[in-house]
Amino acid sequence: MTIVPPASKPISAAPLGMAPPPDTHTPGARAWYVLAALCFVYVLNFLDRQLLSILAKPIQDDLGVTDGQLGLISGLYFALFYCFISIPVAWLADRANRVRVLSIACALWSAATVACGLSATYPQLVIARMTVGVGEAGGVPPSYAIITDYFPPGRRGAALGLFNLGPPLGQALGVAFGAAIAAAYSWRQAFLVLGMFGVAAALIVWLTIREPRRGGLDLPVPGVPPAAAQAKAGFIETVATFFRRPALLLMALACGATQFVTYAVMNFTVLFLMREKGMSLQQVAVYYALLIGIGISIGMYASGRLIDRYTRRSKQAYALVPALGLAGAVPFFVGFIWAPGWQLALLLLIGPTILNYFFLSPAVTLVQEEVRPNQRVLSGALLLLVMNLIGLGFGPTYLGAASDHFRADHPANSLQLAFYTLIPFYFLAIALFLVLARVLKGEANRTGGL
């Protein structure tokens, strides 16, 4: 018979409102290798995902695709498969070998990336991109859980912060190599080459990473049997636990509002810089690649270190760190949109590139710390479901449609006007994080924590 502990007593570092316990385990060389390998896979995951937006202009020129169609294929069409397939895949990973699930997923999305490069029509490209979404659905949630079982409480924020360098590094390398290959050969060659790298990475993960014991580094919660960490969690129970906890649901919604902005910007910035700011593909491959790689990396890693430090004093830091980051990003974002040339635009984009990404490490760490070890993959997938369905699904879709709307009367700066309409979503995200901070404070007061 499966032993299931009460949902109110997660086997994690500490319940909400209490400071994490001191580090009781020093990660060894194997843990750091696993983190590096999984980060590399995440780089490929995000590289393949963003390659379409990076090469948007040559794809438009070749296939005759509109801004609205680009928004759909990089946003809603991709997100529907990526978000919803991730739930059954995560449920399987919570009950099976997470390393094997990750390896198979990596091989699938990489093969689909190759298929994108072979697409001759827009419908073929749509099908290939949807398949990329199916594969990538099995990439990130298992990795979150594997890392959490290789690193102890008190080290997980920094570890997950390092893992979350995957998106900026993936986008930077995608810009650098994808744009360079496309400029030298064609956009199709970029998809083919980078997809084949992913197939090789899937094999490396399968052969070299060992599945860790679930909850092996967690401190036990009094009254909860240790066997519960290894028990197979029920699907309905895990989903109900996630959505009935205000802090977890609010975190997912706040991240969704944030990603509405970040994914919209990410999927159209290269096109905006080239079409309306006068930047060339070769310049994108150098300057924009450096900005993305360095800027987002700083944001991801700095926020992970900040929450490891400040959540020991108050769990409100999980919400206040992202809120302050977004508030600081707004004036720079307005300047980036306004800037008359690409040089000034890139300079002003440094602020949002760093500060927009103060949300992900706090969100992932909060969810992984606050659910049972045998619920971590599915809970991570539920976090991604909410935030990606809102952000990835509707952000690029909205911005592409807005640009098409403005183009009739403002053909020279339709994307600029569309970018301005994203500003209210910054304030929505900030408001949600502030509400989350109040919820975390209330839970702390009820439990006697910080």
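Residues numbered from 1 in each chain as written. Predicted model: local features only at pLDDT ≥ 70, side-chain atom pairs only at ≥ 80, totals over all residues. Heavy atoms only, no water.

Observations regarding a nonpolar patch on the surface
Link 1 in the chain: Residues Val286, Tyr287, Leu290, Ile294 and Ile298 make up a contiguous nonpolar surface patch of about 470 Å² in total accessible area.
Link 2 in the chain: Mapped onto the fold, Ile298 is located in helix α13 (residues 281–310).
Link 3 in the chain: We classify Ile298 as partly exposed; its relative accessible area is 41%. (Patch = residues over 30% accessible without salt bridge, like charges linked within 9 Å, V, L, I, M, F, W, Y side chains within 5 Å. Areas by Shrake-Rupley, 256 points an atom, 1.4 Å probe, with all protein chains shown as cover. Salt bridge = Lys/Arg side-chain N within 4 Å of Asp/Glu carboxyl O. Helix = DSSP H or I, 4+ residues; strand = E, 2+ residues; numbered from the N terminus. Buried < 20%, exposed > 50% of the residue type's maximum accessible area, 1.4 Å probe, protein only.)

Thoughts on the layout of surface pockets
Link 1 in the chain: Its volume calculated, the second largest pocket comes out at about 160 Å³.
Link 2 in the chain: Lining of the second largest pocket is provided by Phe40, Val43, Leu44, Leu47, Leu173, Phe177, Ile181, Val193, Leu194 and Phe197.
Link 3 in the chain: Secondary structure elements with two or more residues in the lining of the second largest pocket: α1 (29–54), α9 (166–184) and α10 (187–208).
Link 4 in the chain: No other element matches the four residues that α1 contributes to the lining of the second largest pocket.
Link 5 in the chain: Residues of the lining of the second largest pocket, tallied by class, amount to 10 nonpolar, no polar and no charged. (1 Å grid on protein atoms, 1.4 Å probe; cavity = no way out; pocket = protein on both sides within 12 Å on 5 of 7 lines; lining within 4 Å. Points joined across faces, edges and corners; volume = space filled by probe spheres on them. Nonpolar A, V, L, I, M, F, W, Y, C, P; charged D, E, K, R; others polar.)

What to know about the pattern of salt bridges
Link 1 in the chain: Under the definition given, this model contains five salt bridges.
Link 2 in the chain: A salt bridge links Arg407 to Asp67; the nearest nitrogen and oxygen atoms lie 3.3 Å apart. One end of the pair, Arg407, is in helix α17 (residues 376–407); the other, Asp67, is in helix α3 (residues 67–74), and 340 residues separate them in sequence.
Link 3 in the chain: Assessed through its relative accessible area of 32%, Arg407 is described here as partly exposed.
Link 4 in the chain: One network of salt bridges, with partners in common, ties together Asp67, Arg275 and Arg407.

Topic: the packing of aromatic side chains
Link 1 in the chain: Applying the stated criterion across every chain yields a total of 15 aromatic pairs.
Link 2 in the chain: An angle of 80° between the planes, with centres 5.6 Å apart, marks the rings of Phe272 and Phe336 as edge-to-face. One end of the pair, Phe272, is in helix α12 (residues 246–275); the other, Phe336, is in helix α14 (residues 317–338), with 64 residues separating them in the sequence. As far as the burial class goes, Phe272 and Phe336 line up, both buried.
Link 3 in the chain: Aromatic side chains Phe333 and Phe336 sit 6.3 Å apart centroid to centroid with 35° between the ring planes, which places their arrangement in the tilted category. On the criterion of helical spacing, the pair formed by Phe333 and Phe336 is a turn pair, its members being three residues apart in helix α14. In this pair, the class of Phe333 matches that of Phe336, namely buried.
Link 4 in the chain: Stacked on the ring of Trp206, the Lys or Arg Arg100 has its end atom at 4.3 Å from the ring centre. (Phe/Tyr/Trp six-rings, centres within 6.5 Å; stacked < 30°, edge-to-face > 60°. Lys NZ or Arg CZ within 6 Å of the ring centre and 35° of its normal.)

Here's the deal with the confidence of the model for the protein chain
Link 1 in the chain: When pLDDT is averaged across the protein chain, the result is 81; 89% of the residues are at 70 or more.
Link 2 in the chain: In this model residues 1–24 is a low-confidence stretch, pLDDT under 50, and it forms 80 contacts with partners more than four residues away in sequence or in other chains. (pLDDT = per-residue confidence, 0-100. Contact = heavy atoms within 4.5 Å.)

Notes on the packing of α9 against α13
Link 1 in the chain: Between α9 and α13, whose axes approach to 7 Å, the crossing angle comes to 175°. In terms of orientation, α9 lies roughly antiparallel with respect to α13. Across the interface between the two elements, Pro167, Pro168, Leu169, Gln171, Ala172, Val175, Ala176, Ala179, Ala180, Ala182 and Ala183 of α9 pack against Leu281, Gln282, Val284, Ala285, Tyr288, Ala289, Ile292, Gly293, Ile296, Ser297 and Met300 of α13.
Link 2 in the chain: Tallied by class, the residues present in the contact of α9 with α13 amount to 18 nonpolar, four polar and no charged. (Axes fitted to C-alpha atoms, helices over the stretch in contact; angles between N-to-C directions. Parallel < 35°, antiparallel > 145°, perpendicular 65-115°, else oblique.)

Let's talk about the nonpolar core
Link 1 in the chain: In this structure, Tyr288 and Phe419 are the most contacted members of the largest nonpolar core, which totals 149 residues.
Link 2 in the chain: The biggest single contributor to this core is α12, with 20 residues.
Link 3 in the chain: In this structure, Tyr288 is in contact with Gln171, Val175, Thr269, Val270, Leu273, Met279, Gln283, Leu346 and Leu349, ignoring residues within four places of it in sequence. (Core = buried A, V, L, I, M, F, W, Y, C linked by side-chain atoms within 4.5 Å.)

Concerning the packing of α1 against helix α5 (residues 98–117)
Link 1 in the chain: Interaxial distance between α1 and α5 falls to 10 Å at its minimum, and their mutual angle equals 30°. Between α1 and α5, the angle is such that the two are roughly parallel. Crossing angle aside, the handedness with which α1 passes α5 is left-handed. Facing Leu38, Val41, Leu44, Asn45 and Asp48 of α1, the residues of α5 in contact are Leu102, Cys106, Trp109, Ser110 and Thr113.
Link 2 in the chain: The class makeup of the residues in the contact of α1 with α5 is six nonpolar, three polar and one charged. (Left-handed = near helix turned anticlockwise from the far one by under 90°.)

Some thoughts on α17
Link 1 in the chain: Taking 1.5 Å per residue as the helical rise, α17 with its 32 residues ought to reach 46 Å, and the 45 Å between its terminal C-alpha atoms agrees with that figure.
Link 2 in the chain: Remark: the principal bend of α17, roughly 40°, maps to Asn388.
Link 3 in the chain: Of all the 32 residues making up α17, 23 are buried; the element is thus mostly covered by neighbouring parts of the structure. (Expected span 1.5 Å × (residues − 1). Bend = angle between axes of the 7 residues up to and from the residue.)

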